[in-house]
Amino acid sequence: MGELNKTPDLSVTLAGVRLKNPVIPASGTFGYGREYAEFYDLNLLGAFAWKGTTAQPRDGNPPPRIAEAPAGMLNAIGLQNPGIDAVIREEVPRIARTFQGPVIANVGGFTVEEYAENCRKLEDVEQCAILEINISCPNVHAGGRNFGTDPKAAAEVTAAVRRVTRKPVFMKLTPNVADITEIARACADAGADGLCLINTLLGMRVDLNTRRPVLANRTGGLSGPAVFPVAVRMVWDVYEAVRLPIIGCGGVSRAEDVAEMMLAGASAVEIGAANLRDPYLCKRIVEALPDLCGRLGVERISDLTGAAHEQEANI
Amino acid sequence: MKASAFTLQRVRHLNADTVELTLSGDTSDIRAPGQFVNIALPGFFLRRPVSVCDWSDGTLTLLLRLAGAGTRQLAATPPGTALDVLSGLGNGFTPPGVPPERVILAGGGIGIAPLYGLAKALSRQGIRPVAALGFRDRAGLFYVDEFRAVCDTVLIATQDGSSGVRGQITDLLQQNVSRTYVYCCGPLPMLRAVYALPHLRGGQYSFEARMGCGFGACMGCSMPFRDGWRRICKDGPVFTREEIIWEN
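Only a predicted model underlies this, so the values are computations on that prediction, with no experimental measurement involved.

Asks: Would you mind showing me how to read the overall build of chain A here?
Replies: Each helix and strand in chain A was counted, giving 10 helices and 14 strands. For a compact globule of 315 residues, the expected C-alpha radius of gyration is about 20 Å, and chain A comes in at 19 Å, within 12% of that figure. Dimensions of chain A along its principal axes, counting C-alpha atoms only, are 55 × 50 × 40 Å. Each of the 315 residues in chain A was classed as buried or not, and the buried ones make up 60%. Relative to all contacts within chain A whose residues are 6 or more apart in sequence, the contacts with residues 24 or more apart total 72%. Looking at chain A as shown, the accessible area adds up to about 12900 Å², and 48% of this sits on carbon and sulfur atoms.

Asks: Looking at this structure, how should I read the interface of chain A and chain B?
Replies: Contacts between chain A and chain B engage 35 residues on the former and 27 residues on the latter. For the pair chain A and chain B, the summed buried surface comes to about 2500 Å²; carbon and sulfur atoms form 61% of the total. For chain A, the biggest contributors to the area lost against chain B are A:Ile66, A:Glu68 and A:Arg277; these three give 29% of the whole. Linking chain A with chain B are 3 salt bridges, by the criterion used here. A:Glu35 is the partner of B:Arg231 in a salt bridge, and the nearest nitrogen-oxygen pair spans 2.8 Å. Going through the elements one at a time, helix 1 (34-37), strand 5 (66-69), strand 6 (72-75) and helix 8 (273-277) of chain A are the ones with two or more residues in the side of chain A that touches chain B. In terms of residue count, helix 8 of chain A provides more of the side of chain A that touches chain B than any other element does, 5 residues in total. When the residues that make up the side of chain A that touches chain B are grouped by side-chain class, the tally is 19 nonpolar, 8 polar and 8 charged.

Asks: Looking at this structure, I do not really get the sheet that holds strand 5 of chain A. What am I missing?
Replies: Two modes of strand pairing occur in sheets, parallel and antiparallel, and in both the strands are linked by backbone hydrogen bonds. Residue and element names in this part refer to chain A. Strand order in this open sheet of 4 strands is 5-6-12-11, and the pairing throughout is antiparallel. At either end of the open sheet lies a strand with only one pairing partner, and these are strand 5 and strand 11 (201-203). Neighbour-to-neighbour, the strand axes of this sheet turn through a mean angle of 35 degrees, independent of strand direction. Here 4 bridges tie strand 5 to strand 6, and the two strands are oriented antiparallel to one another. Counterpart to Ile66 in the pairing with strand 6 is Asn75.

Asks: Help me understand the side chain of A:Ser267 in this model?
Replies: On the secondary structure map, A:Ser267 appears in the loop between helix 7 (255-264) and strand 14 (268-271). When neighbours within four sequence positions are excluded, A:Ser267 is seen to be in contact with A:Val12, A:Thr13, A:Leu14, A:Pro22, A:Pro245, A:Ile246, A:Met262 and A:Thr305.

Asks: Explanation requested: the pattern of salt bridges in the structure shown.
Replies: For side chains of opposite charge, pairing can occur when their charged atoms come near one another. Within this structure, the stated rule accounts for 28 salt bridges over all chains. Residue B:Asp235 pairs with B:Arg230 through a salt bridge whose shortest N-O separation is 3.8 Å. The exposure class assigned to B:Arg230 is buried, which follows from its relative accessible area of 15%. Through salt bridges with shared partners, a single network forms among A:Glu35, B:Asp227, B:Arg230, B:Arg231, B:Asp235 and B:Glu243.

Asks: Before we go on, may I ask you to explain helix 3 (residues 112-122) of chain A in this structure?
Replies: Each turn of an α-helix holds 3.6 residues, which means side chains three or four residues apart point in the same direction. Residues of helix 3 of chain A that are buried include every one of A:Val112, A:Glu114, A:Tyr115, A:Ala116, A:Asn118, A:Cys119 and A:Leu122, and no others. The inward-facing, buried residues of helix 3 of chain A abut helix 2 (84-98), strand 7 (103-107), strand 8 (128-134) and helix 4 (151-164) of chain A.

Asks: For this particular structure, what's the right way to read the pairing of strand 5 (residues 59-65) of chain B?
Replies: Side-chain positions along a regular strand alternate between the two faces of the sheet. Residue and element names in this part refer to chain B. In terms of burial, strand 5 is a largely internal element, 5 of the 7 residues being buried. Note: strand 2 (residues 18-24) against strand 5, 7 bridges, orientation antiparallel. Residue pairing across strands places Glu20 opposite Leu63, the latter belonging to strand 5. In this sheet, strand 5 lies alongside strand 4 (residues 48-56) in antiparallel orientation, the contact comprising 4 bridges. Across the sheet, residue Asp54 finds its bridge partner in strand 5, namely Thr61. Taken together, strand 4 and the strand that follows it, strand 5, pair antiparallel across an intervening segment of 2 residues, in which Gly58 is found at a positive phi of about 85 degrees.

Asks: Just to check I follow, could you spell out the sheet that holds strand 14 of chain A for this structure?
Replies: All names here are of chain A. Strands sit in the order 3-14-13-10-9-8-7-4 across an open sheet of 8 strands; the sheet is parallel. The strands lining the two open edges of the sheet, one partner per strand, are strand 3 (23-25) and strand 4 (48-49). Running at roughly 155 degrees to strand 9 (residues 169-172), helix 4 makes contact with strand 8 and strand 9 of the sheet.

Asks: How should I be thinking about the domain arrangement of chain B in this particular structure?
Replies: Residues and elements named next belong to chain B. Its domain assignment divides chain B into domain 1 (2-89) and domain 2 (100-243). Relative placement of domain 1 and domain 2: their C-alpha centres are 20 Å apart. On the side of domain 2, 23 residues touch domain 1, which itself brings 22 residues to the contact. On the surface where domain 1 and domain 2 come into contact, there are 6 residue pairs in polar contact (both at pLDDT 80 or more). Going through the elements one at a time, strand 1 (2-15), strand 2, strand 3 (36-40), strand 4, strand 5 and strand 6 (82-89) are the ones with two or more residues in the side of domain 1 that touches domain 2. With 5 residues, strand 4 is the largest single contributor of residues to the side of domain 1 that touches domain 2. A class-by-class count of the residues in the side of domain 1 that touches domain 2 yields 11 nonpolar, 6 polar and 5 charged.

Cut-offs applied
Residues numbered from 1 in each chain as written. Chains lettered and ligands numbered in written order. Predicted model: local features only at pLDDT ≥ 70, side-chain atom pairs only at ≥ 80, totals over all residues. Heavy atoms only, no water. Helix = DSSP H or I, 4+ residues; strand = E, 2+ residues; numbered from the N terminus. Rg over C-alpha atoms; globule rule 2.2 N^0.38 Å. Buried < 20%, exposed > 50% of the residue type's maximum accessible area, 1.4 Å probe, protein only. Contact = heavy atoms within 4.5 Å. Areas by Shrake-Rupley, 256 points an atom, 1.4 Å probe, with all protein chains shown as cover. Buried area = accessible area lost by both parts, 1.4 Å probe. Salt bridge = Lys/Arg side-chain N within 4 Å of Asp/Glu carboxyl O. Nonpolar A, V, L, I, M, F, W, Y, C, P; charged D, E, K, R; others polar. Pairing = 2+ DSSP bridges. Axes fitted to C-alpha atoms, helices over the stretch in contact; angles between N-to-C directions. Domains from an automatic or database assignment. Polar contact = N/O pair within 3.5 Å; in protein donor to acceptor, adjacent residues only side chain to side chain.

Take a look at the structure:
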């Protein structure tokens, strides 16, 4: 080490999809990209994950939907989105004008059939390189099953989606379970090509003056730096449990966090809430990665993935 | 909109819970009164959205109600401190499209802040507007002299009658029924009460909301309007009377 004067290779691969770097704005914090295109050229990103999209248009939850938290925030948006048909018709052509890289299509649903149907509709959308199946939103009340907390239900969604698409299927997992590796294994056994974790942690704030919950939805999802160590631990555990590529997500807010998440086992990293505080953050992180690789002595950033596990085994 | 480094130049206490902040920095992204800036505070995750009260080349004036720990910290920041500001956010007010004698500005509490910038912009166009300002009581008054300098008439209402008319902003508007076009900013109940006045024909209403990002990405501040759920931060904060769907 110490002789690394050539430009490090930042590219990573997710289930056969090549990304020029591991930095991916996370679903729900980046819309369909348009707002951030006013801040920087989106083409510097490895990919971006669009807003969770359901079959029908959704208004989401009543306001207030946002609350401050120590080192983070709560949100209870409730999957506000224009619906899959409008997204394919209107957003996809718009995305193509500002971003030419791979898009990760985050797909929501309320039934197994809805997930499959939404994915089938995306089959011909060439730019959607990866399907990220959101079985983990804490803010919608389907009145039915919670797919992300039941291994059998998670496996059912995985298998149903797997049957209708040739695109890589990444299941996005919730941390609000006793053992995330159990859900991860169920998804892997049902044919998932990869996993994305974690979604937000279920939380709540109460207003001292009104003596009412701050959020109209009562509860919301905690994100931001507060959840980073939880996400690292879960990525670590899942990396040991299944042989699937992992997109690490949760509380990442600087280049060093990207590297830490990769050392724990992530092949690429999503950045969420931190974009809301600093809309330039993903650009700053991408620009900081070459120097960081130099400091860490890696020629290929992908060499970081899971490297903490190997070192531990060598002791 | 863009991120700019501003420097806090001055904090002037206007009353017990209102301060005027003067910042220096690049204001070139501010295009219209009624827009807002979003300020990052050390130790707080979410930025604090604040209406633009006034601006010129290199100088930005904000009025801040000390509502919680974040705003109190901001008000206690020593002059000379650099602030991380997203500037030029939201749509802002547009010209009324009706004769000046039909127009009235109606602000409640800290909601008067963006109306000052509007009054100044109108006065530069040769229109000295009438402003109706509502406060809790005499001790809660602020910026009245500043409004007087750019307005034809400034009407005051206080809840206890300790200054101006005893009553609400709606009482002031009802005493001026020939003025049927309102620029309105204040707490939601005030916006609703003004909107419900039968003599009003048109207007622009500035909304406040808890925001996640302030630039349209997170859907945290969406509310229902005539053509669906809209983002207060990006599609607003100013909405026309025609866009609002409150029932009268």
